[in-house]
Amino acid sequence: MRAALKEAEKAQGHTSPNPAVGAVLVIDNRIVARGHHRRAGHDHAEVECLRNFADDVPARATLYVTLEPCSTVGRTAPCTTAIIRAGIKNVVVGTADVNPRHFGKGITQLRNAGVKVRDGILAEECARLNEGFNKWIVTGRPFVIAKCGMSLDGRLTRPPDEPRWITDSAARRNAHQLRTRVDAILIGAQTLRVDNPRLTVRGTRHARQPWRIVLTRSGNLPSHACLFSDRLSARTLVYKRKSLGAVLKDLGKKNVTSVLIEGGGEVLGQGLDARLIDKLQLYLGPILTGGPVIAFSGRGANAAQTAIHLDAVSYRRIGKSICATAYPKTISPEKIQKLLVVPTV
């Protein structure tokens, strides 16, 4: 299954709005064929893997696939049909497909056809591979990643007339790779005015260019900005006087499954206050700046109980910076209200 996961990782950033899936065919404990879903409309991982074997499949073979095989007709034929016709007798599945159209049906079809199916193998790793797709297909809203490079005192900027960067080049290269895995990059109007970013994918061959999203209240944006004047200007969308929640809902309707918020502090704060952030990826530079722009300049929590707590927190050193990755714990509005009630004495 780890080999199948490595195949699936090759598909990340290329298959949206489909999930990234990998498969390997094993005979006598040896991998004899591999495959992954390359992009929407192309063969799914299982079909590519079986085609790459190019021979009759013996009954002792086992097909490992990171995601439950599809069982319905879409842009391609059902993978369950291909597996059964190939004579596969043993299938190992990483995780079920959360798509309501498919959930559990593929496994059931295979078992009804006499195929021995084991499921739930490395399930958490297989599910996390498609965290963006999984949220979007269930809720209709994209998975939101908040990313920023910040000082140890929580600032996005240095004092005026000093160098722009807070993190080192190694951390910035690593952060740039996030763009290759999302459908859209979102910034606020002030970030556009001050930084004039390109928000492009660079240094990666055959990568898709994500949509570039700008939020603005006034609509007063510089027409000469790179987002409006470069060769990718058609990939730029501007939302005027729209809340972040409304923008995300509209992007979901446009089949945008994942959004990377790159700034500034006000937009990051909006996402935090509204509980719209699904994942944090923060790069901490070894510096105290006292700069004017706070990383998450929202309303903040008015009590420790209502603060956002984090799950699956991990840290790694990249160059001279520290990359912290975490997932905010979900908390319902009803629970927040209950926590805010002052008990009587």
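What you see is a predicted model, and the numbers here were worked out from it, not measured in a lab.

1. Quick look at the pairing of strand 13 (residues 321-328)
Item 1. Of all eight residues in strand 13, seven are buried; the element is thus mostly enclosed.
Item 2. As judged from the seven bridges shared by strand 12 (residues 310-318) and strand 13, these two strands associate in the antiparallel manner. Residue pairing for strand 13: Ile318 is matched across the bridge by Ser321.

2. Regarding the environment of Val57
Item 1. Considering the arrangement of structural elements, one finds Val57 in the loop between helix 2 (45-53) and strand 3 (62-67).
Item 2. For Val57, a relative accessible area of 15% corresponds to the buried category.
Item 3. Sequence-wise, Val57 and Ala86 are 29 residues apart; in three dimensions their C-alpha atoms are separated by 6.6 Å.
Item 4. Once residues lying within four places of it in the same chain are set aside, the contact partners of Val57 are Leu25, Leu50, Ala86 and Ile88.

3. Description of the pairing of strand 6 (residues 143-150)
Item 1. With respect to burial, strand 6 is a largely interior element, seven of its eight residues being buried.
Item 2. Sheet analysis places strand 6 next to strand 10 (residues 258-263), joined by four bridges and oriented parallel. Its bridge partner lying in strand 10, Ala146 is registered against Ile261.
Item 3. Of the pairings in the sheet, the one linking strand 6 to strand 11 (residues 279-284) comprises six bridges and is parallel in character. Following the sheet pairing, Lys147 is matched in strand 11 by Gln281.

4. A short note on the side chain of Gln281
Item 1. With respect to the helices and strands, Gln281 occurs in strand 11.
Item 2. Separated by 2.9 Å, the side chains of Gln281 and Tyr283 make a polar contact.
Item 3. Filtering out sequence-adjacent residues up to four positions away, Gln281 remains in contact with Ala146, Lys147, Cys148, Asn174, Leu178, Arg316, Cys323, Ala324 and Thr325.

So, how was this worked out
Residues numbered from 1 in each chain as written. Predicted model: local features only at pLDDT ≥ 70, side-chain atom pairs only at ≥ 80, totals over all residues. Heavy atoms only, no water. Buried < 20%, exposed > 50% of the residue type's maximum accessible area, 1.4 Å probe, protein only. Helix = DSSP H or I, 4+ residues; strand = E, 2+ residues; numbered from the N terminus. Pairing = 2+ DSSP bridges. Contact = heavy atoms within 4.5 Å. Polar contact = N/O pair within 3.5 Å; in protein donor to acceptor, adjacent residues only side chain to side chain.

Function-wise, these values are silent; they only describe arrangement.
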